[in-house]
Amino acid sequence: MSLVFSNKRYLALSATIFSVLLISLSIVSEFIFFSPNFLFYVPVYDITNFSLIVIVAALSGLVISLSIYRIHMLGSGIKRSGTGFLGSIIGASAGACSCGSIGFAVVSEFGAVGGAATAFLTNYEIPLRLISIAILGYTYYVSVKGITTQCKITK
């Protein structure tokens, strides 16, 4: 990790991805409000959910930065490091499963199917985020293992 994040570009990329995901997931999960005034509020009963959002955003920033480093610096193509991108995309999208106010739009667009999907995602929000963290953790492990394997100096 020190090899990747010694370059300030990858550190900035990771921080940007973390910030964008944290803010967007907080808006969708209704922790950040813009009307009538800006308000950031995490109810006591939703602290676990917010903590999982922070972990998903941090792991996504870390994994995507590692994957981009692996492709850019080590010359491996997207096919070779596809696990990193696929895992980060699946992990981040599973972490974004909270419906909040978007659920009403889904219900109105897709009728009963949208309602069933919204109910499923709302009921299993925390387990889906835990699965997301597991996917991102495995992707992190695979990315770090691939970078250390490709960076070994052979005699």
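Higher on the page you've got the structure.
Structural notes, computed from the coordinates. Because the structure is a prediction, the values reported are computed rather than measured.

### A short note on the nonpolar core
Ranked by size, the top nonpolar core spans 15 residues in total, and within it Leu22, Ile53, Val56, Ile133 and Leu136 carry the most contacts. Secondary-structure elements contributing two or more residues to this core are α2 (8–28), α3 (47–74) and α6 (125–150). With eight residues, the top contributor of residues to this core is α3. Excluding residues that lie within four positions of it along the chain, Leu22 makes contacts with Phe50, Ile53, Val54 and Ala57. Counting seven residues, the second-largest nonpolar core is a separate cluster that includes Tyr10, Leu66, Tyr69 and Ile147.

### Brief notes about α2
The first and last C-alpha atoms of α2 sit 30 Å apart over 21 residues, in line with the 30 Å expected at 1.5 Å per residue. Within α2, the full set of buried residues consists of Tyr10, Ser14, Ile17, Leu21, Leu22, Leu25 and Ser26. Around the axis of α2, the buried residues are gathered within 145° of arc, so they sit on the same side. Projecting away from the buried face of α2 at angles above 90 degrees are the exposed residues Lys8, Arg9 and Val20. Here α2 starts with a cap whose side-chain oxygen sits 3.1 Å from the backbone nitrogen of Arg9, and that cap is Asn7. Positive phi appears at Glu30, one or two residues downstream of α2, with a value of about 65°.

### A short note on the environment of Ser26
Relative to the helices and strands, Ser26 is located in helix α2. Here Ser26 falls in the buried class, since its relative accessible area comes to 1%. A C-alpha to C-alpha distance of 8.8 Å links Ser26 and Phe40, two positions 14 residues apart in sequence. Each residue touching Ser26, except ones within four places of it in the same chain, is listed here: Phe31, Ile32 and Phe50. A polar contact of 2.7 Å, which involves the side chain of Ser26, links it to the backbone oxygen of Leu22.

Calculation rules
Residues numbered from 1 in each chain as written. Predicted model: local features only at pLDDT ≥ 70, side-chain atom pairs only at ≥ 80, totals over all residues. Heavy atoms only, no water. Core = buried A, V, L, I, M, F, W, Y, C linked by side-chain atoms within 4.5 Å. Buried < 20%, exposed > 50% of the residue type's maximum accessible area, 1.4 Å probe, protein only. Helix = DSSP H or I, 4+ residues; strand = E, 2+ residues; numbered from the N terminus. Contact = heavy atoms within 4.5 Å. Expected span 1.5 Å × (residues − 1). Arc of directions from axis to C-beta. Polar contact = N/O pair within 3.5 Å; in protein donor to acceptor, adjacent residues only side chain to side chain.

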